[in-house]
Amino acid sequence: MGQGKTPRIALVWAQFAAYHVDRCEAVARRFADRADLLAVEVATTSTDYSWEPSGAVAGAAKLTMFPGRSYEAIGHMARIWALFRALRRCDWVMIGLSYAEFDVVILTLMLRLCGVKLVVLSESKFDDRPRKPWREWLKRAVLSLYHGAIVGGARHRDYFRYLGFRRRPVLPGYDGVGLDRVRRQGGGVLAPHGAPYATRPFVFVGRFVDKKNLHVLVAAHAAYALMAGEGARRLVLAGSGPEEASLRARIADLGTAHLVDFTGFLPAAEVSKLLAGALALVLVSVEEQWGLVVNEALAFGLPVIVSTPVGARDLLVRDGVNGFVVDPADIDGIARALHAISGNQADWERMAGASHQRSWLGDSDRLADAVAAMVGLLEAPGLSRMHETIQAMEQAD
């Protein structure tokens, strides 16, 4: 980057959801006229996610490489060449694609040879799945092409240190959402205000797939219902997926069908409205790299019940303070956490206050802090916030 030249920075993901737009707009606001921002999505849709197509990105030039198409339907070579042509003149490229995919490896090598500085955006951590030494060695080789990493929390940072980022910067801030957007979508009323405490349900939001551990969740809710008796709270399952039929059958066997609601897939605005009237978010996955719905829950001041694998707990959850951290296999432990949150309004309001105090750590502005620090454009207020974020990350349970 030449003296006095305005840097050109790109943010790249396979497909944009509302929170990708949040992040791009946060970075654009931070840089204003100090940098040119390019927001790149490869495709409009994907097989894994039913997000509605994204719109414009305020403050940035948005580019959809293959509009109207699914990411998986695009050939590797087509993706490589389209992205290379779009990114080769950038000074910095922040890549949120899977760094181990063949086309991404080739792309990063080509961009590196053109002098582009590369930063990996990732929420991977060591405990996501069993790790094979030979595969981790290959990852180290691939990641040697990057100048730095922006990650979620403490476990994500530790994993990238393990993958060879000893001297290269590894900064927190990747996993954020636009808290202001989420709150507006939910009507702007935050806990403990809004829906009466007595009528608020437990809420799960996500895909109905094995790793979300929903069969354990509904069993724990049934155990909780026995503890709570007639005052048992409802459980709302917002989402869809291949396990829906088996879940419904399991709930019927447990005898709690009258206490469980299925909403189907909800767009982002409807999720916000649901969370605005909830008692607590429950996410007890056996594998969860982050869990952005935790950020959204904290936007409304909700307590959260999360399992130990959930990446968001590193930064956003403190056990017994703004929720509970549970073992994903412990049905009784999850049931006790549900009962503790539902049984005492004063305790719930105290936890809601703690979630409000911690919510800023899950805002998309934290990515803006990290990107600015990475490219050398972080000013004093952002530097102070970055230090506070790192300190909060170091205090992970």
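Residues numbered from 1 in each chain as written. Predicted model: local features only at pLDDT ≥ 70, side-chain atom pairs only at ≥ 80, totals over all residues. Heavy atoms only, no water.

Caption draft 1: Region of interest: the overall build of the protein chain. Secondary structure summary: the protein chain contains 15 helices and 13 strands in total. A compact globule built from 397 residues would reach a C-alpha radius of gyration of about 21 Å, and the protein chain, at 21 Å, matches this within 12%. Based on the C-alpha atoms only, the size of the protein chain along its principal axes is roughly 70 × 45 × 40 Å. Out of the 397 residues belonging to the protein chain, those deemed buried represent 55%. Look at the contacts in the protein chain between residues 6 or more apart in sequence, and 73% of them connect residues 24 or more apart. Accessible area for the protein chain stands at about 16,200 Å²; split by element, carbon and sulfur atoms hold 54% of it. Of the charged side chains in the protein chain, 46 are positive and 42 negative, and the gap between their average positions amounts to 7 Å. (Helix = DSSP H or I, 4+ residues; strand = E, 2+ residues; numbered from the N terminus. Rg over C-alpha atoms; globule rule 2.2 N^0.38 Å. Buried < 20%, exposed > 50% of the residue type's maximum accessible area, 1.4 Å probe, protein only. Contact = heavy atoms within 4.5 Å. Areas by Shrake-Rupley, 256 points an atom, 1.4 Å probe, with all protein chains shown as cover. Lys, Arg positive; Asp, Glu negative; His and termini not counted. Charge placed at Lys NZ, Arg CZ, Asp CG, Glu CD.)

Caption draft 2: Quick peek at the pairing of strand β1 (residues 8–13). Counting buried residues along β1, 5 of its 6 residues qualify, which places the element largely inside the surrounding structure. In this fold, the crossover linking β1 to strand β2 (residues 36–45) by way of helix α1 (residues 18–31) has right-handed handedness. (Right-handed = clockwise from strand over helix to strand, strands pointing away.)

Caption draft 3: Broad picture of the side chain of arginine 168. Counting through the fold element by element, arginine 168 comes out in the loop between α5 (154–162) and β7 (170–172). Summary of buried charges: arginine 168 has no salt-bridge partner, and the nearest side chain of opposite charge, glutamate 136, is 13 Å away. A distance of 2.8 Å separates a polar atom in the side chain of arginine 168 from the backbone oxygen of tyrosine 146. At 3.1 Å, the side chain of arginine 168 forms a polar contact with the backbone oxygen of glycine 164. In this structure arginine 168 touches Leu143, Ser144, Tyr146, His147 and Arg161, once residues within four positions along its chain are discounted. (Salt bridge = Lys/Arg side-chain N within 4 Å of Asp/Glu carboxyl O. Polar contact = N/O pair within 3.5 Å; in protein donor to acceptor, adjacent residues only side chain to side chain.)

Caption draft 4: Fine view of the packing of helix α4 (residues 133–143) against α5. The contact between α4 and α5 brings their axes to 10 Å, and the two run at 90°. If you check the angle between α4 and α5, you find them roughly perpendicular. Together, Glu136, Lys139, Arg140 and Leu143 of α4 and Tyr159, Phe160 and Tyr162 of α5 make up the contact between the two elements. (Axes fitted to C-alpha atoms, helices over the stretch in contact; angles between N-to-C directions. Parallel < 35°, antiparallel > 145°, perpendicular 65-115°, else oblique.)

Caption draft 5: How the structure looks around the environment of phenylalanine 265. The residue phenylalanine 265 is located in the loop between β10 (260–264) and α9 (268–276) in this model. The class of phenylalanine 265 is partly exposed, set by a relative accessible area of 40%. Residues phenylalanine 265 and leucine 118, spaced 147 residues apart in sequence, show a C-alpha to C-alpha distance of 35 Å. In this structure phenylalanine 265 touches Ser50, Gly239 and Ser240, once residues within four positions along its chain are discounted.

Caption draft 6: Geometry of the sheet that holds strand β5 (residues 117–121). Across the sheet, which stays open at both edges, the 7 strands sit in the order β3-β2-β1-β4-β5-β6-β7 with parallel pairing between neighbours. Edge positions in the sheet fall to β3 (61–70) and β7, since each of these pairs with one other strand and no more. Taking the axes of each pair of neighbouring strands and ignoring which way they run, one obtains an average angle of 20° across the sheet. Relative to strand β6 (residues 148–151), β5 runs parallel, the two sharing 3 bridges. Opposite leucine 121, over in β6, you have isoleucine 150 as the bridge partner. With respect to the sheet, helix α14 (residues 365–375) is in contact with β1, β4 (92–95), β5, β6 and β7, its orientation differing from that of β6 by roughly 170°. (Pairing = 2+ DSSP bridges.)

Caption draft 7: Spotlight on α4. Of the positions making up α4, those classed as buried are Glu136, Lys139, Val142 and Leu143. The buried side chains of α4 occupy one side of the element, clustering within an arc of 115° when seen end-on. In this structure, α4 carries Pro133, Trp134 and Trp137 as exposed residues pointing more than 90 degrees from its buried face. (Arc of directions from axis to C-beta.)

Caption draft 8: The packing of helix α2 (residues 76–87) against helix α3 (residues 102–113), seen in detail. One can describe the packing of α2 onto α3 by two numbers: an axis separation of 9 Å at closest approach and a directional angle of 30°. One way to sum up the angle between α2 and α3 is to call them roughly parallel. Classified by chirality, the crossing of α3 by α2 is right-handed. In this structure, α2 contributes His76, Arg79, Ile80, Trp81, Leu83, Phe84 and Leu87 to the contact, and α3 contributes Phe102, Asp103, Ile106, Leu107, Met110 and Leu111. (Left-handed = near helix turned anticlockwise from the far one by under 90°.)

Caption draft 9: Region of the structure containing the side chain of serine 54. Structurally, serine 54 is set in the loop between β2 and β3. At a separation of 3.3 Å, a polar atom in the side chain of serine 54 contacts the side chain of glutamate 41. Setting aside chain neighbours within four positions, we find serine 54 in contact with Phe16, Val21, Glu41 and Lys62.

Caption draft 10: Representation of a nonpolar patch on the surface. On the surface, Met77, Trp81 and Phe102 cluster together to form a nonpolar patch covering roughly 340 Å² of accessible area. Looking at the element boundaries, phenylalanine 102 is found in helix α3. (Patch = residues over 30% accessible without salt bridge, like charges linked within 9 Å, V, L, I, M, F, W, Y side chains within 5 Å.)

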